[in-house]
Amino acid sequence: MITIFAQASASGKAGVSVIRISGPDAFLAAEKLAGTLPDVRTAALRKLRGADGEFLDEALVICFEKQASFTGEKTVELQTHGSIAIVKAVLAELGAIDGLRLAEPGEFTRRALANGRLDLAQVEGLADLIASETEAQRQQALRLFSGGLGELAMSWRKDLIRASALLTVTIDFADEDVPVDVAPEVLSLITRIQSEMQQQVDGFGAAERVRTGFEVAIVGPPNAGKSTLLNALAGRDAAITSEVAGTTRDVIEVRMELSGLPVTLLDTAGLRETDDVVEKIGVSRALERANAADLRVFLVPEGEAIEFDPAADDIVLRAKADLNPNAQGGVSGLTGVGVGDLVERVSATLSAKTAKAGLATRERHKAAMERCLRSLSAAIDLIALGAEVTDIAAEELREAHDALNVLIGRVDVENVLDEVFSSFCLGK
């Protein structure tokens with residue numbers, strides 16, 4: 001396998017930059033720049049020189065033996081000063097060495113997968129960890145990256161192998177008396193897997209929302225103070241405010257963090273009947289986005305009736321509480337009255353939605369587990385029919401086992417690898 005190299009830290013000027021070299025010739029390549037290398041997993045300062053002897057930089061050099069590195073290959077990391085020119089010069093020297101080439105995006109992580117250092121779910125967790133912006137996203141990504149889903153899948157796999165072995169015994173000795181009825185133990189193993197896996201499927205929606213973000217729509221008639229409230233929540237003038245009804249024509253989005261959760265606030269067009277073609281489009285979009293949002297905050301002007309049917313978690317508030325300070329359950333983006341309480345209610349509601357979040361965070365995880373559950377359900381039905389269809393039940397368990405392998409990336413994942421690794425930066 002060819003040796004690859006790339007800058008592993010972010011591009012641009014920094015205090016320190018990290019250049020990673022991975023592959024069978026990593027140590028030889030590093031020796032050409034740094035001379036004698038330090039002992040493995042021991043950091044030491046070395047002067048880096050080009051092929052012509054020119055001094056490039058003084059760097060901290062760390063060597064990792066095969067299976068002790070991130071990629072599972074011989075690896076050397078050069079921690080240079082974070083100058084763009086220094087990094088460019090070192091990379092140019094490495095590129096001039098025979099047998100080396102610049103790594104492709106995500107190639108270091110892809111080699112870690114190929115060498116068994118990570119399973120595919122961990123790779124996805126690493127991608128989520130790098131992209132995490134909030135505390136909830138960081139914690140969820142770490143659970144996936146640390147192998148939580150893979151460990152769960154391996155425990156299911158162990159039980160499936162046991163169940164399959166028991167069924168195989170009854171098939172192999174079909175013409176003889178098997179001393180023990182294996183059906184109860186097989187069913188116990190399968191139902192336990194079913195229960196645990198269904199919990200993960202049920203928690204997929206919340207886990208996916210933590211990864212991609214929640215949407216909270218502010219809804220109400222024109223001039224209810226929706227844009228002013230959005231600006232107050234965002235802490236800036238994200239939306240134009242005006243006394244003219246119908247000022248907001250399109251959905252305005254503001255990304256923010258609430259209690260560690262990623263939230264996109266949506267300021268929507270005022271809901272009313274109108275002959276204005278453009279405003280009518282805005283109202284239609286407002287209804288569409290509000291219906292698709294995870295939570296809606298309805299602003300109802302004083303004296304007006306509620307003309308909608310909010311969902312159980314939706315929040316209904318009296319609009320422009322600054323005009324009627326005595327009104328209960330009001331909010332005003334202009335003066336800030338009730339804004340703090342609203343933030344707490346939104347945070348509590350969304351936090352409650354994440355309480356049952358599972359380890360499965362991507363549609364691929366859910367699809368693999370649903371495929372496995374279908375096979376397990378079919379196997380249970382077949383076992384109930386008796387020994388005549390035991391071989392078919394065993395085949396269903398094999399299908400379930402294949403689905404678990406897909407979940408952690410052991411088989412049948414070539415079609416998703418390019419998509420997964422395309423999200424990584426060059427040095428990862």
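Right above here is the structure, for reference.
Residues numbered from 1 in each chain as written. Predicted model: local features only at pLDDT ≥ 70, side-chain atom pairs only at ≥ 80, totals over all residues. Heavy atoms only, no water.

Digging into the sheet that holds strand E11 (residues 315–318)
Taken in spatial order, the 5 strands make up an open sheet running E8-E9-E7-E10-E11, and their pairing is mixed. Of all the strands in the sheet, the pair left with one neighbour each is strand E8 (252–258) and E11. Here the strands of the sheet are splayed against their neighbours by 20 degrees on average, with no regard to which way each runs. Pairing between strand E10 (residues 295–300) and E11: 4 bridges, direction parallel. (Pairing = 2+ DSSP bridges. Helix = DSSP H or I, 4+ residues; strand = E, 2+ residues; numbered from the N terminus. Axes fitted to C-alpha atoms, helices over the stretch in contact; angles between N-to-C directions.)

Some words on the pairing of strand E4 (residues 55–64)
Of all the 10 residues making up E4, 7 are buried; the element is thus mostly covered by neighbouring parts of the structure. Where strand E3 (residues 44–49) meets E4, 6 bridges bridge the pair, whose relative direction is antiparallel. Its bridge partner lying in E4, Leu 48 is registered against Asp 57. Two successive antiparallel strands, E3 and E4, enclose a turn made up of 5 residues, where Gly 53 displays a positive phi of approximately 90 degrees. As paired strands, E4 and strand E5 (residues 75–81) are joined by 5 bridges and run antiparallel to one another. Following the sheet pairing, Cys 63 is matched in E5 by Val 76. (Buried < 20%, exposed > 50% of the residue type's maximum accessible area, 1.4 Å probe, protein only.)

Brief notes about the nonpolar core
Ranked by size, the top nonpolar core spans 37 residues in total, and within it Trp 156, Val 186, Met 197, Leu 376, Leu 397, Leu 404 and Leu 407 carry the most contacts. If we skip the residues at most four places from it in the chain, Val 186 touches Ala 163, Leu 166, Leu 167 and Ile 383. (Core = buried A, V, L, I, M, F, W, Y, C linked by side-chain atoms within 4.5 Å. Contact = heavy atoms within 4.5 Å.)

Some details on the packing of helix H5 (residues 135–145) against helix H8 (residues 204–212)
Contact geometry of H5 with H8 gives a least axis separation of 8 Å together with a crossing angle of 120 degrees. Taken together, H5 and H8 sit at an angle that is classed as oblique. Between H5 and H8 lies a crossing of left-handed hand. Where H5 approaches H8, its residues Ala 136, Gln 137 and Gln 140 are matched on the opposing element by Ala 207, Val 210 and Arg 211. Here the residues of the contact of H5 with H8 are counted per class, giving 3 nonpolar, 2 polar and 1 charged. (Parallel < 35°, antiparallel > 145°, perpendicular 65-115°, else oblique. Left-handed = near helix turned anticlockwise from the far one by under 90°. Nonpolar A, V, L, I, M, F, W, Y, C, P; charged D, E, K, R; others polar.)

Thoughts on unusual backbone geometry
The backbone phi angle of Gln 67 is positive, close to 70 degrees, even though this residue is not glycine. Note that Gln 67 resides in the loop between E4 and E5. At Lys 320, a residue that is not glycine, the phi angle is positive and equals roughly 50 degrees. Turning to its location among the elements, Lys 320 is positioned in the loop between E11 and helix H11 (339–354). You can call Lys 320 partly exposed: its relative accessible area is 30%.

Thoughts on the sheet that holds E4
Spatial strand order, E3-E4-E5-E2-E1-E6: 6 strands in an open sheet with mixed pairing. Edge positions in the open sheet fall to E3 and strand E6 (100–102), since each of these has one partner strand only. Across the sheet, the axes of successive neighbouring strands diverge by a mean angle of 30 degrees, strand direction being ignored. The strands touched by helix H1 (residues 26–34) are strand E1 (3–7), strand E2 (16–22), E3, E4, E5 and E6; relative to E3, the strand with the most contacts, the crossing angle is about 75 degrees. Of the strands in this sheet, E1, E2 and E6 touch helix H3 (residues 107–114), which is tilted by about 135 degrees from E1.

Let's talk about the environment of Ala 26
Assignment of secondary structure puts Ala 26 in helix H1. Sequence-wise, Ala 26 and Ile 4 are 22 residues apart; in three dimensions their C-alpha atoms are separated by 8.1 Å. With near-sequence residues (within four places) excluded, Ala 26 lies in contact with Thr 3, Ile 21, Lys 74, Thr 75 and Val 76.

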